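Analysis of the macromolecular model
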Amino acid sequence: MGRPRILILGGTSEARLLAEALAARGKGDILLSLAGRTEKPAAQPVPVRIGGFGGAAALADFLKAGGYDLLIDATHPFAERISANAAFAAETTGIAAIALRRPEWQRQHGDHWRDVRSIPAAIEALGPSPRRVLLATGRQGAHHAEAAPQHFYLVRSVDPVEPPLALANVNYVLDRGPFTPEGECALLKQHRIDAIIAKNSGGTATYAKIEAARLLGIEVMMVTRAPASTVKTVETVEAALAAVDHLAPPAMKRGV
(Lines give C-alpha, C1' and ligand atoms only; values in the text may rest on other atoms or scores of the structure.)
Protein backbone atom coordinates (compact mmCIF):
# COMPACT_ATOMS: atom_id res chain seq x y z
CA MET A 1 0.00 0.00 0.00
CA GLY A 2 1.29 3.49 -0.86
CA ARG A 3 1.47 6.40 1.52
CA PRO A 4 -2.00 7.67 2.46
CA ARG A 5 -2.90 10.97 0.84
CA ILE A 6 -4.79 13.85 2.45
CA LEU A 7 -6.06 17.00 0.75
CA ILE A 8 -6.62 19.96 3.08
CA LEU A 9 -8.68 22.86 1.79
CA GLY A 10 -7.09 25.69 3.72
CA GLY A 11 -6.67 29.41 4.10
CA THR A 12 -7.04 29.54 7.90
CA SER A 13 -4.60 29.36 10.78
CA GLU A 14 -6.27 26.11 11.83
CA ALA A 15 -5.50 24.59 8.42
CA ARG A 16 -1.84 25.52 8.77
CA LEU A 17 -1.60 24.08 12.29
CA LEU A 18 -3.35 20.89 11.23
CA ALA A 19 -1.06 20.48 8.22
CA GLU A 20 1.95 21.01 10.47
CA ALA A 21 0.74 18.39 12.96
CA LEU A 22 0.00 15.84 10.23
CA ALA A 23 3.33 16.47 8.52
CA ALA A 24 5.13 15.93 11.83
CA ARG A 25 3.79 12.38 11.89
CA GLY A 26 5.61 11.74 8.63
CA LYS A 27 3.25 8.94 7.62
CA GLY A 28 1.36 10.42 4.69
CA ASP A 29 1.38 12.82 1.77
CA ILE A 30 -0.31 16.11 2.65
CA LEU A 31 -1.37 18.70 0.09
CA LEU A 32 -2.72 22.05 1.26
CA SER A 33 -4.96 23.85 -1.24
CA LEU A 34 -5.39 27.63 -1.04
CA ALA A 35 -7.93 29.59 -3.05
CA GLY A 36 -5.38 32.28 -3.91
CA ARG A 37 -7.49 35.25 -2.82
CA THR A 38 -4.72 36.56 -0.55
CA GLU A 39 -1.84 38.09 -2.50
CA LYS A 40 0.84 37.16 0.06
CA PRO A 41 -0.27 34.04 1.92
CA ALA A 42 1.59 32.96 5.03
CA ALA A 43 4.28 30.30 4.72
CA GLN A 44 2.94 26.75 5.04
CA PRO A 45 4.53 23.57 6.43
CA VAL A 46 3.51 21.25 3.55
CA PRO A 47 3.31 21.40 -0.24
CA VAL A 48 0.75 23.97 -1.42
CA ARG A 49 -1.58 24.16 -4.38
CA ILE A 50 -2.98 27.60 -5.20
CA GLY A 51 -6.18 28.26 -7.14
CA GLY A 52 -9.72 26.96 -7.42
CA PHE A 53 -10.75 23.60 -8.80
CA GLY A 54 -13.49 24.79 -11.14
CA GLY A 55 -16.50 23.50 -9.22
CA ALA A 56 -17.66 20.51 -7.21
CA ALA A 57 -17.38 17.97 -10.03
CA ALA A 58 -13.83 19.13 -10.83
CA LEU A 59 -12.86 18.80 -7.16
CA ALA A 60 -14.25 15.24 -7.19
CA ASP A 61 -12.18 14.48 -10.29
CA PHE A 62 -9.07 15.92 -8.62
CA LEU A 63 -9.58 13.69 -5.58
CA LYS A 64 -10.04 10.58 -7.67
CA ALA A 65 -7.17 11.32 -10.04
CA GLY A 66 -4.84 12.03 -7.13
CA GLY A 67 -5.79 8.90 -5.23
CA TYR A 68 -6.69 10.82 -2.08
CA ASP A 69 -7.84 8.93 1.01
CA LEU A 70 -9.17 11.84 3.06
CA LEU A 71 -10.52 15.35 2.40
CA ILE A 72 -10.36 17.97 5.15
CA ASP A 73 -12.30 21.20 4.67
CA ALA A 74 -10.49 23.73 6.85
CA THR A 75 -11.53 26.81 4.89
CA HIS A 76 -12.88 30.03 6.39
CA PRO A 77 -16.27 29.66 8.08
CA PHE A 78 -17.76 31.96 5.41
CA ALA A 79 -16.30 30.08 2.41
CA GLU A 80 -19.73 28.56 1.80
CA ARG A 81 -19.26 27.66 -1.86
CA ILE A 82 -16.07 25.65 -1.47
CA SER A 83 -17.53 23.92 1.60
CA ALA A 84 -20.58 22.91 -0.41
CA ASN A 85 -18.31 21.71 -3.20
CA ALA A 86 -16.26 19.69 -0.71
CA ALA A 87 -19.37 18.01 0.68
CA PHE A 88 -20.53 17.13 -2.84
CA ALA A 89 -17.12 15.82 -3.88
CA ALA A 90 -16.81 13.64 -0.78
CA GLU A 91 -20.27 12.19 -1.27
CA THR A 92 -19.87 11.45 -4.97
CA THR A 93 -16.40 9.90 -4.63
CA GLY A 94 -16.99 8.06 -1.37
CA ILE A 95 -13.82 9.58 0.06
CA ALA A 96 -13.82 10.17 3.82
CA ALA A 97 -14.17 13.83 4.78
CA ILE A 98 -14.29 16.12 7.80
CA ALA A 99 -14.71 19.86 8.24
CA LEU A 100 -12.66 21.88 10.73
CA ARG A 101 -14.62 24.95 11.90
CA ARG A 102 -13.59 27.16 14.79
CA PRO A 103 -16.49 27.94 17.18
CA GLU A 104 -18.55 31.08 16.66
CA TRP A 105 -18.16 34.08 18.94
CA GLN A 106 -20.83 34.26 21.62
CA ARG A 107 -22.52 37.38 22.96
CA GLN A 108 -21.06 38.66 26.20
CA HIS A 109 -22.55 41.08 28.69
CA GLY A 110 -22.18 44.58 27.25
CA ASP A 111 -22.18 43.54 23.59
CA HIS A 112 -24.53 45.45 21.28
CA TRP A 113 -24.99 43.05 18.38
CA ARG A 114 -27.57 43.04 15.64
CA ASP A 115 -27.54 39.68 13.86
CA VAL A 116 -27.84 39.92 10.07
CA ARG A 117 -27.63 37.28 7.37
CA SER A 118 -25.36 39.03 4.86
CA ILE A 119 -23.19 42.06 4.22
CA PRO A 120 -25.97 43.77 2.20
CA ALA A 121 -28.34 43.21 5.13
CA ALA A 122 -25.75 44.73 7.46
CA ILE A 123 -25.42 47.81 5.23
CA GLU A 124 -29.20 48.19 5.21
CA ALA A 125 -29.37 47.80 8.99
CA LEU A 126 -27.18 50.89 9.40
CA GLY A 127 -30.24 52.97 8.56
CA PRO A 128 -30.67 56.15 6.50
CA SER A 129 -28.81 58.59 8.77
CA PRO A 130 -25.07 58.99 8.16
CA ARG A 131 -22.89 56.83 10.37
CA ARG A 132 -19.17 56.16 10.72
CA VAL A 133 -18.58 52.50 10.01
CA LEU A 134 -15.68 50.09 10.35
CA LEU A 135 -16.23 47.58 7.53
CA ALA A 136 -14.18 44.66 8.81
CA THR A 137 -15.32 41.90 6.49
CA GLY A 138 -12.29 41.88 4.19
CA ARG A 139 -12.20 43.03 0.62
CA GLN A 140 -14.66 40.35 -0.53
CA GLY A 141 -18.07 42.00 -0.43
CA ALA A 142 -16.80 45.50 0.41
CA HIS A 143 -18.47 46.83 -2.75
CA HIS A 144 -21.87 46.37 -1.08
CA ALA A 145 -21.14 49.60 0.82
CA GLU A 146 -21.75 51.51 -2.40
CA ALA A 147 -25.50 50.94 -1.87
CA ALA A 148 -25.43 53.35 1.10
CA PRO A 149 -23.06 56.21 0.23
CA GLN A 150 -24.32 58.46 3.04
CA HIS A 151 -22.05 56.70 5.54
CA PHE A 152 -18.33 57.05 6.17
CA TYR A 153 -16.55 53.69 5.78
CA LEU A 154 -13.21 52.63 7.16
CA VAL A 155 -12.48 49.48 5.16
CA ARG A 156 -9.92 47.11 6.64
CA SER A 157 -8.52 44.23 4.59
CA VAL A 158 -5.33 42.23 4.12
CA ASP A 159 -5.11 43.12 0.42
CA PRO A 160 -6.27 46.28 -1.37
CA VAL A 161 -9.89 46.60 -2.49
CA GLU A 162 -9.73 46.58 -6.29
CA PRO A 163 -11.23 48.54 -7.88
CA PRO A 164 -11.56 51.11 -5.09
CA LEU A 165 -15.10 51.73 -3.91
CA ALA A 166 -17.12 54.34 -5.78
CA LEU A 167 -17.62 56.33 -2.60
CA ALA A 168 -16.64 59.86 -1.63
CA ASN A 169 -16.32 59.14 2.08
CA VAL A 170 -14.08 56.11 2.49
CA ASN A 171 -10.67 55.32 3.95
CA TYR A 172 -8.70 52.09 3.73
CA VAL A 173 -6.53 50.23 6.24
CA LEU A 174 -4.33 47.36 5.07
CA ASP A 175 -3.59 45.13 8.03
CA ARG A 176 -3.57 41.51 9.13
CA GLY A 177 -4.43 40.17 12.60
CA PRO A 178 -3.92 39.30 15.32
CA PHE A 179 -5.10 42.62 16.73
CA THR A 180 -5.22 43.86 20.33
CA PRO A 181 -8.14 45.49 22.18
CA GLU A 182 -5.94 48.52 22.90
CA GLY A 183 -5.05 48.96 19.24
CA GLU A 184 -8.64 48.46 18.13
CA CYS A 185 -9.93 50.99 20.66
CA ALA A 186 -7.39 53.52 19.39
CA LEU A 187 -8.43 52.89 15.77
CA LEU A 188 -12.13 53.22 16.54
CA LYS A 189 -11.62 56.43 18.52
CA GLN A 190 -9.32 57.94 15.88
CA HIS A 191 -11.95 57.54 13.17
CA ARG A 192 -14.94 58.22 15.48
CA ILE A 193 -16.51 54.89 14.53
CA ASP A 194 -20.06 54.30 15.80
CA ALA A 195 -20.85 51.01 14.02
CA ILE A 196 -18.90 47.90 13.01
CA ILE A 197 -19.81 45.40 10.32
CA ALA A 198 -18.17 42.04 11.04
CA LYS A 199 -18.57 38.38 10.16
CA ASN A 200 -18.92 35.92 13.02
CA SER A 201 -15.69 34.21 12.06
CA GLY A 202 -14.74 32.98 15.51
CA GLY A 203 -11.16 32.55 16.66
CA THR A 204 -8.82 34.95 18.42
CA ALA A 205 -6.98 36.80 15.63
CA THR A 206 -9.72 39.39 14.97
CA TYR A 207 -11.82 39.15 18.14
CA ALA A 208 -10.21 42.31 19.54
CA LYS A 209 -12.55 44.53 17.53
CA ILE A 210 -15.49 42.87 19.27
CA GLU A 211 -13.88 43.47 22.66
CA ALA A 212 -13.18 47.09 21.71
CA ALA A 213 -16.78 47.59 20.57
CA ARG A 214 -17.97 46.24 23.93
CA LEU A 215 -15.69 48.60 25.85
CA LEU A 216 -16.74 51.64 23.79
CA GLY A 217 -20.45 50.81 23.51
CA ILE A 218 -20.31 50.53 19.71
CA GLU A 219 -23.01 48.64 17.81
CA VAL A 220 -21.91 45.60 15.80
CA MET A 221 -23.79 44.37 12.74
CA MET A 222 -22.83 40.72 13.06
CA VAL A 223 -23.11 38.63 9.90
CA THR A 224 -24.15 35.14 10.97
CA ARG A 225 -22.87 31.93 9.44
CA ALA A 226 -24.77 29.84 6.95
CA PRO A 227 -25.97 26.42 8.15
CA ALA A 228 -23.17 23.86 8.47
CA SER A 229 -22.57 21.42 5.65
CA THR A 230 -23.42 17.75 5.89
CA VAL A 231 -19.76 16.81 6.42
CA LYS A 232 -18.78 15.71 9.95
CA THR A 233 -17.57 18.87 11.69
CA VAL A 234 -15.01 19.34 14.46
CA GLU A 235 -14.03 22.58 16.18
CA THR A 236 -10.35 22.17 17.07
CA VAL A 237 -7.13 20.93 15.52
CA GLU A 238 -6.90 18.30 18.25
CA ALA A 239 -10.37 17.00 17.40
CA ALA A 240 -9.43 16.97 13.70
CA LEU A 241 -6.36 14.84 14.47
CA ALA A 242 -8.53 12.41 16.42
CA ALA A 243 -10.93 12.24 13.46
CA VAL A 244 -8.01 11.52 11.14
CA ASP A 245 -7.00 8.67 13.42
CA HIS A 246 -10.50 7.27 13.06
CA LEU A 247 -11.02 7.84 9.33
CA ALA A 248 -7.64 7.61 7.64
CA PRO A 249 -5.95 4.37 6.53
CA PRO A 250 -4.00 2.62 9.32
CA ALA A 251 -0.60 3.78 8.07
CA MET A 252 -1.63 7.40 8.67
CA LYS A 253 -2.60 7.00 12.30
CA ARG A 254 -0.65 8.15 15.31
CA GLY A 255 1.90 5.61 16.47
CA VAL A 256 1.38 3.19 13.57
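Presented here is a report on the structure given in the accompanying data block. The structure displayed is predicted, hence computed values, not measured ones.

Our focus in this paragraph is the overall build of the chain. Counting its secondary structure elements, the chain contains seven helices and twelve strands. Computed over its C-alpha atoms, the radius of gyration of the chain comes to 20 Å, within 12% of the 18 Å expected for a compact globule of 256 residues. When the backbone C-alpha atoms are referred to their principal axes, the chain occupies close to 65 × 35 × 30 Å. The proportion of buried residues among the 256 residues of the chain is 47%. Pairs at least 24 residues apart make up 66% of the contacts formed inside the chain by residues separated by at least 6 positions. Approximately 12,600 Å² of the chain is accessible, and the part contributed by carbon and sulfur atoms is 53%. Positive and negative side-chain charges of the chain, numbering 29 and 25 respectively, have mean locations separated by a distance of 2 Å.

Now for unusual backbone geometry. Residues Glu162 and Pro163 are joined by a peptide bond in cis, for which omega reads -10 degrees. The topology assignment puts Pro163 in the loop between β8 (152–157) and β9 (170–174). Pro178 follows Gly177 through a cis peptide bond whose omega is 10 degrees. Of note, the phi angle at Arg192 is positive, near 55 degrees, even though the residue is not glycine. Residue class for Arg192 comes out exposed when judged on its relative accessible area of 55%.

So, on to the sheet that holds strand β3 (residues 48–50). Taken in spatial order, the six strands line up as β3-β2-β1-β4-β5-β12 in an open sheet, and their pairing is parallel. Unpaired on one side and paired on the other, β3 and β12 (232–234) mark the two borders of the sheet. Neighbouring strand axes in the sheet, compared pairwise and without regard to direction, differ in orientation by 25 degrees on average. Of the strand pairs in this sheet, strand β1 (residues 5–9) and strand β4 (residues 70–73) are connected by four bridges, and their pairing is parallel. Among the inter-strand pairings, Ile6 is bridged to a residue of β4, identified as Leu70. Packing against the sheet, helix α3 (residues 80–93) makes contact with β1, β4 and β5 (96–100), and its axis sits at approximately 160 degrees to β4.

Analysis parameters
- Residues numbered from 1 in each chain as written.
- Predicted model: local features only at pLDDT ≥ 70, side-chain atom pairs only at ≥ 80, totals over all residues.
- Heavy atoms only, no water.
- Helix = DSSP H or I, 4+ residues; strand = E, 2+ residues; numbered from the N terminus.
- Rg over C-alpha atoms; globule rule 2.2 N^0.38 Å.
- Buried < 20%, exposed > 50% of the residue type's maximum accessible area, 1.4 Å probe, protein only.
- Contact = heavy atoms within 4.5 Å.
- Areas by Shrake-Rupley, 256 points an atom, 1.4 Å probe, with all protein chains shown as cover.
- Lys, Arg positive; Asp, Glu negative; His and termini not counted.
- Charge placed at Lys NZ, Arg CZ, Asp CG, Glu CD.
- Pairing = 2+ DSSP bridges.
- Axes fitted to C-alpha atoms, helices over the stretch in contact; angles between N-to-C directions.

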